[in-house]
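The lines below spell out each chain.
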Amino acid sequence: MNWPIFVISLPIAEKRRKAISTALTDLGLSFEFVDAIDGRASLPPQYEGFIDRDKARIEMGRNLTDGEFACALSHQKVYKILLNREIPRAIILEDDAIPLTGFKSFLDQNGPEAADLILFDYNRVRIWRKPAKLSFGGISLHPVVSNPFLTTGYSVSYHGAEYLRANSFPITRPADWPCDIVRLGAHITIPRLIDHPEDKSTNSYLEQDRKALEQDRKAARAQMSLNKPARYKRFGKKAYWVKWIKKRLSVELKQPR
């Protein structure tokens with residue numbers, strides 16, 4: 001099946017566009033660029049109504065940069081395209097994505113049909129210890145226990161796009177992920193099918209802004225730690241025990257290379 005592939009990229013990112021174009025063309029895959037929202041200087045005013053800076057500061061313990069807001073909104077832009085065009089399922093890649101062995105094979109085997117959201121690249125993700133129930137020629141799918149990091153490459157269904165649009169606004173978190181994707185039944189592939197530059201941060205347009213806010217983040221966390229209730233009080237909370245049980249029934253993949 002010829003899966004629709006959307007590549008999120010800033011119009012000025014010529015080198016990245018050329019690299020991902022070559023990689024996908026070599027695999028015989030057609031694709032479409034979606035111009036990312038440019039938040040490097042500042043977030044365009046028309047998007048302010050879709051975000052909540054104050055809530056983001058509370059939830060993240062720091063200010064989100066305009067670049068991070070723009071990145072999250074760029075992914076939402078693709079979900080809207082899926083819904084407007086009534087596309088049943090599509091592949092979404094960031095422009096620094098590197099297709100790995102098995103990516104084309106997984107698509108050829110209709111692997112994306114197995115779940116509403118399948119992550120091809122990820123970091124610091126927890127999965128259940130039990131064996132995978134789904135496998136595609138040596139590629140296994142595992143449901144996630146908690147939201148992982150990275151949105152370099154993934155597949156999403158029409159229903160998944162609906163869920164991500166309905167549960168992410170106003171944006172208060174980065175693109176990875178602005179809402180609870182565990183409830184959507186998100187899975188990861190083992191092994192990963194999409195890679196990213198070895199040090200993704202050094203190639204990211206967001207990194208300069210993140211470094212500028214590092215002191216703000218540290219100060220906010222220090223203040224939060226002062227306001228925390230006594231540690232023993234956590235034992236009386238249901239959320240603590242749910243997290244405790246999940247942690248012991250799952251395993252964390254920190255460096256899935």
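Just above sits the structure.
Computed from a predicted model, the values in this text were never measured in an experiment. Counting restarts for each chain: residues are numbered from 1 in the order of the written sequence. Two thresholds apply to this predicted model, a pLDDT of at least 70 for residue-level local features and 80 or more for giving and counting side-chain atom pairs, whereas whole-chain, interface and lining totals are computed over all residues. Side-chain metrics in this entry use all non-hydrogen atoms of the structure; hydrogen atoms and water are not considered.

S.K.: Mind showing me how you'd approach the overall build of the protein here?
M.R.: Scanning the protein from terminus to terminus reveals eight helices and twelve strands. Three exposure classes are used, based on accessible area relative to the maximum for each residue type with a 1.4 Å probe and protein chains only: buried under 20%, partly exposed in between, and exposed over 50%. A buried classification covers 44% of the 257 residues belonging to the protein. Put simply, of all contacts in the protein between residues at least 6 apart along the chain, 81% involve residues at least 24 apart. With an accessible surface of roughly 13,800 Å², the protein has 53% of that area assigned to carbon and sulfur atoms. In this text, helices come from DSSP runs of H or I with a minimum length of four residues, and strands from runs of E with a minimum of two, each type numbered from the N-terminal end. The contact criterion used is simple: two residues touch if any of their non-hydrogen atoms lie within 4.5 Å. Note that accessible areas follow from Shrake-Rupley with a 1.4 Å probe, and for residues the cover is restricted to the protein chains shown.

S.K.: Got a minute to help me understand the nonpolar core in this structure?
M.R.: Within soluble globular proteins, side chains that are nonpolar generally end up buried alongside one another. Residues Phe-6, Leu-82, Leu-117, Tyr-154 and Leu-164 are the most contacted members of the largest nonpolar core, which totals 31 residues. For this core, the elements supplying multiple residues, two or more each, are strand 1 (5-9), helix 3 (66-85), strand 3 (89-94), strand 5 (117-119), strand 6 (125-128), strand 9 (153-157) and helix 5 (158-166). Element by element, the count of residues in this core is highest for helix 3, at five residues. In contact with Leu-164, other than residues within four places in its own chain, are Gln-76, Tyr-79, Val-156, Cys-179, Ile-181 and Leu-184. Throughout this description, the term nonpolar core refers to a set of buried Ala, Val, Leu, Ile, Met, Phe, Trp, Tyr and Cys residues connected via side-chain atoms within 4.5 Å. Among the nonpolar cores identified, the runner-up in size contains 20 residues, and Ile-5, Leu-24, Phe-106 and Ile-194 belong to it.

S.K.: Teacher, can you tell me more about the sheet that holds strand 8 (residues 139-143) here?
M.R.: Strand pairing within a sheet occurs via backbone hydrogen bonds; the two strands may be parallel or antiparallel. One requirement defines pairing of two strands: DSSP has to find at least two bridges between them. In space, the eight strands of this open sheet follow the order 2-1-3-9-5-10-8-7, with mixed pairing throughout. Looking at the sheet topology across the chains shown, the edges are occupied by strand 2 (32-35) and strand 7 (134-136). Averaged over all neighbouring strand pairs, the angle between strand axes comes to 25°, with direction disregarded. Pairing of strand 3 with strand 9 involves five bridges; the strand directions are antiparallel. By the bridge assignment for strand 9, Ala-90 is matched with Val-156. Fitting a line to C-alpha atoms yields each axis, with helices limited to the stretch in contact; the angle taken between N-to-C directions then spans 0 to 180 degrees. Of the strands in this sheet, strand 1, strand 2, strand 3 and strand 9 are in contact with helix 3, which crosses strand 1 at around 150°.

S.K.: Where do I start with the side chain of Thr-151 in this structure?
M.R.: The residue Thr-151 is located in the loop between strand 8 and strand 9 in this model. On the basis of relative accessibility, which here comes to 4%, the residue Thr-151 falls in the buried class. A polar atom in the side chain of Thr-151 sits 3.4 Å from the side chain of His-75. At 2.7 Å, the side chain of Thr-151 and the side chain of Glu-94 are in polar contact. Contacts of Thr-151, omitting those with residues within four sequence positions, involve His-75, Glu-94, Ala-175, Asp-176 and Trp-177. Here a polar contact is recorded for every N or O atom pair within 3.5 Å, except that within protein the pair must consist of a potential hydrogen donor and a potential acceptor, and residues adjacent in sequence are included only if both atoms are side-chain atoms.

S.K.: Would you take a moment to explain the packing of aromatic side chains for this structure?
M.R.: When we look at a pair of aromatic rings, we describe it by the centre distance and by the angle of the planes. Side-chain rings of Phe, Tyr and Trp, where Trp is taken by its six-membered ring, are said to pair if the distance between their centres is within 6.5 Å; with planes under 30 degrees apart they count as stacked, over 60 as edge-to-face, and otherwise as tilted. One pass over the full model with this rule turns up six aromatic pairs. Centroid distance Phe-106 to Phe-136: 5.3 Å. Interplanar angle 80°. Geometry classified as edge-to-face. Here Phe-106 is found in helix 4 (residues 103-108), whereas its partner Phe-136 is found in strand 7, with 30 residues between them in sequence. Linked through ring pairs, Phe-103, Phe-106, Phe-120 and Phe-136 together constitute an aromatic cluster. Note on geometry: a ring has a charge over it if NZ (lysine) or CZ (arginine) is within 6 Å of the ring centre and within 35 degrees of the ring normal. Positioned over the ring face of Phe-33 is Arg-17, at 4.4 Å from the centre of the ring.

S.K.: Whenever I open this one, unusual backbone geometry confuses me. Can you help?
M.R.: Peptide bonds are trans in most cases, and residues, glycine excluded, mostly fall at negative phi. The omega angle of the peptide bond from Phe-169 to Pro-170 is -5°, so this bond is cis rather than trans. Among the structural elements, Pro-170 can be located in the loop between helix 5 and strand 10 (187-190). Look at the link from Asp-176 to Trp-177: it is a cis peptide, with omega at -10°. Residue position: Trp-177 is located in the loop between helix 5 and strand 10. Despite not being glycine, Leu-150 has its phi angle at roughly 85°, a positive value. You can call Leu-150 buried: its relative accessible area is 14%.

S.K.: Help me understand the environment of Gly-138 in this model?
M.R.: Here Gly-138 is to be found in the loop between strand 7 and strand 8. Placed 36 residues apart in sequence, Gly-138 and Gly-102 show a C-alpha to C-alpha distance of 8.8 Å. Not counting chain neighbours up to four residues away, the residues in contact with Gly-138 comprise Ile-190 and Pro-191.

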